[in-house]
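Chain by chain, the residues run as shown.
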Amino acid sequence: LYDSDNQPNGVLGVSKNITEQKRTEQALEERIKLTDLLINSIPHPAMIINKNRQIITANRIALELGAEQGGYCWRDFGHCVSVPDEKKKSINLDDVSTYEDVCCGFCKAKPALEQFENQNDPEVRIGDRIYDTHWNPLGHDDLFLHYTIDVTESVLAEIALKESEEKYRTVVETSAEG
């Protein structure tokens, strides 16, 4: 402010109480830290994905396997390996508008979100590996937790055990006869 001689004689200030805004920012930061802590505590590749199959966040394991925040699970994490051939033909990786309804052939994201129920496929086969794959809706903004567990060794051990039991049964039956 200036006096009649145009000399400064005061200061005009405006203040605004931003306490609530700061509390909201701190709460958001805490939620982000908690989400990061929780998702990184999962010892398998895990991602939070939206209904368009876009990755919101991923744990370190999924990131190491190709997942990217803002990327697409089927493209960046899955490397298009499990996208059905007929769908692959309609995808232009440089044109996001061609991504609508693109997903892996085993994807259960849609029923998980529509029915609001956890979905699971315990034997997804990709290459020579077997995965127990989960889609768990989070109940907020059409998000779901998607994670996979490599169960190849367990499944192969079960198969070997059943084969061994069958061989044992055959030996026992044969020796009982003779």
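Just above sits the structure.
Residues numbered from 1 in each chain as written. Predicted model: local features only at pLDDT ≥ 70, side-chain atom pairs only at ≥ 80, totals over all residues. Heavy atoms only, no water.

1. Looking at the environment of K87
With respect to the helices and strands, K87 occurs in helix α4 (residues 85-88). Taking the C-alpha atoms as reference, K87 lies 6.8 Å from V102; in sequence the two are 15 residues apart. Among residues more than four places away in sequence, those in contact with K87 are E100, D101 and V102. (Helix = DSSP H or I, 4+ residues; strand = E, 2+ residues; numbered from the N terminus. Contact = heavy atoms within 4.5 Å.)

2. What to know about the pattern of salt bridges
Overall, the coordinates contain eight salt bridges when judged by the stated rule. Residue D150 pairs with R129 through a salt bridge whose shortest N-O separation is 2.9 Å. With a gap of 21 residues between them, D150 in strand β5 (residues 143-150) and R129 in strand β4 (residues 129-137) connect regions that are remote in the sequence. Overall, the relative accessible area of 36% leaves D150 in the partly exposed class. Residue R169 pairs with E166 through a salt bridge whose shortest N-O separation is 3.0 Å. In this pair, R169 and E166 are both assigned in helix α6 (residues 152-177), three residues apart and thus about one turn of the helix distant. Since its relative accessible area comes to 41%, R169 is described here as partly exposed. (Salt bridge = Lys/Arg side-chain N within 4 Å of Asp/Glu carboxyl O. Buried < 20%, exposed > 50% of the residue type's maximum accessible area, 1.4 Å probe, protein only.)

3. Comments concerning unusual backbone geometry
Positive phi values are uncommon outside glycine, yet C80 reaches one of about 65°. As for its placement among the helices and strands, C80 is situated in the loop between α3 (73-77) and α4. Note on C80: relative accessible area 17%, which makes it buried. At F116, a residue that is not glycine, the phi angle is positive and equals roughly 50°. Within the secondary structure, F116 sits in the loop between α5 (109-115) and β3 (119-126). Judged by its relative accessible area of 51%, F116 is exposed.

Geometric values such as these leave the question of function open.
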